[in-house]
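# Reading the structure
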Amino acid sequence: MNDTANPPSPASPLSSSTRVRALLADDERLMREQLRGRLTEVWPELEIVAEAKNGLEAVELVQQHRPDLVFLDIRMPGLTGVDAARQIAQLPEDDDWQLPEIVFITAYDQYAVEAFEQGVADYVLKPAEKERLQVTVERIQKRLAQRRGEESAPADASAAPLQQLLHKLSAQLNPGGAARSYLQWIQASVGQAIQMIPVEEVLFFISDEKYTRVQTAKLEALIRKPIKELVDELDPQLFWQIHRSTLVNARAIDGITRDFRGRQLVGVKGSTEKLEVSRSYTHLFKGM
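Quick look at the structure, then. Residues take numbers from 1 onward in each chain, read along the sequence in its written order. The model is predicted, so local features are restricted to residues of pLDDT at least 70 and side-chain atom pairs to those at 80 or more, both for listing and for counting; the totals for chains, interfaces and linings are taken over all residues. With hydrogens and water stripped out, all remaining heavy atoms of the structure feed into the side-chain values.

## Thoughts on unusual backbone geometry
Residue lysine 126 is joined to proline 127 through a cis peptide bond whose omega torsion reads -15°. The backbone of arginine 66 sits at a positive phi, close to 50°, despite the residue not being glycine. In this fold, arginine 66 is placed in the loop between α2 (55-65) and β3 (69-73). Helix and strand definitions follow DSSP, with helices as H or I runs of at least four residues and strands as E runs of at least two, each counted in order from the N terminus.

Structural data, given as structure tokens:
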């Protein structure tokens, strides 16, 4: 069918003055060109600020250009799209930029079914067909509008953390690999002693520049392992990342409140401390 005969695309949920910046990462030049062309058709206002040939370059360019949206080929040499997404998810945010929306590019349909149903990321199948890309674009536009406060967010208490999706995709990429075993014990300093703490007893982890604090209902301890390493070693069903520097035990979450600045704060059973939720992770608590 001739594309010129198609009816016009529905209006974008983003305001017409909203500027959206994107980065494309694929090791195949022709695939990048094809995706860029299709995006021009379905989202002419989108600004492609950079293109990457591999995962490592994608992470570096995200740091440099700070886009709103990143298209990542799942299979790239050196650093896969999944690994690149992990590194991007740990980049620092500020008042002017929050972590980008992620769209995975894949030639394999099995990566694009169950793993993406939770809605924390989207996908495009190679080659990018206009009709399916239009669906992805509309979803991304809606999520960006919600993040920018241009559209009210529907209640969704079942949203799952990005790291759950990334763990699932890693398993699909390496189906013959050994079964994943998650960290069961934390070896931590408590005063002058070294103590073994069962992971399920940990309420939350909070990092500063040098140490990560391990908090249980009975004790506080310190370890030198950063949050970005713990994210990959802990069961993502049990520990949710709610901030670049914070992981919380999902079973210990007691409730969500807001402070005078409108920031979400997580209450934790067994602790009087309130944990701040950064803007990139507020989707976890929609409807709460």
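## Let's talk about the sheet that holds strand β2 (residues 47-52)
Whether two strands pair comes down to DSSP finding at least two bridges between them. What the five strands build is an open sheet, ordered β2-β1-β3-β4-β5; its pairing is parallel. Strands with a single pairing partner mark the edges of an open sheet, and in this sheet they are β2 and β5 (122-125). Adjacent strand axes in the sheet meet at a mean angle of 20° when their direction is disregarded. As judged from the four bridges shared by strand β4 (residues 101-106) and β5, these two strands associate in the parallel manner. Note that in β5 the partner of threonine 106 across the bridge is leucine 125. Working rule for contacts: check all heavy atoms of both residues, and any pair within 4.5 Å makes them a contact. To obtain an axis, a line is fitted to C-alpha atoms, over the contacting stretch when the element is a helix, and the angle between two such axes runs from 0 to 180 degrees between their N-to-C directions. Across the sheet, helix α1 (residues 29-42) lies against β1 (21-25), β2, β3 and β4, angled at about 170° from β2, the strand it touches most. Across the sheet, helix α3 (residues 81-89) touches β3 and β4, and the angle it forms with β3 is around 150°.

## Some details on the pattern of salt bridges
Salt bridges are counted wherever a side-chain nitrogen of Lys or Arg sits within 4 Å of a carboxyl oxygen of Asp or Glu. The final tally for this structure, using the stated rule, is 21 salt bridges. Taking the shortest distance from any N to any O, the salt bridge between glutamate 33 and arginine 29 comes out at 2.7 Å. With a gap of four residues between them, glutamate 33 and arginine 29 both fall in helix α1, about one helical turn apart. Accessibility here uses a 1.4 Å probe with only protein chains present; expressed as a share of the type maximum, an area under 20% marks a residue as buried, one over 50% as exposed, and anything in between as partly exposed. Among the residues examined, arginine 29 registers a relative accessible area of 48% and is labelled partly exposed. Linking arginine 86 and aspartate 232 is a salt bridge whose minimum nitrogen-to-oxygen distance equals 2.7 Å. Highlighted residues: arginine 86 in helix α3 and aspartate 232 in helix α6 (residues 227-233), separated in sequence by 146 residues.

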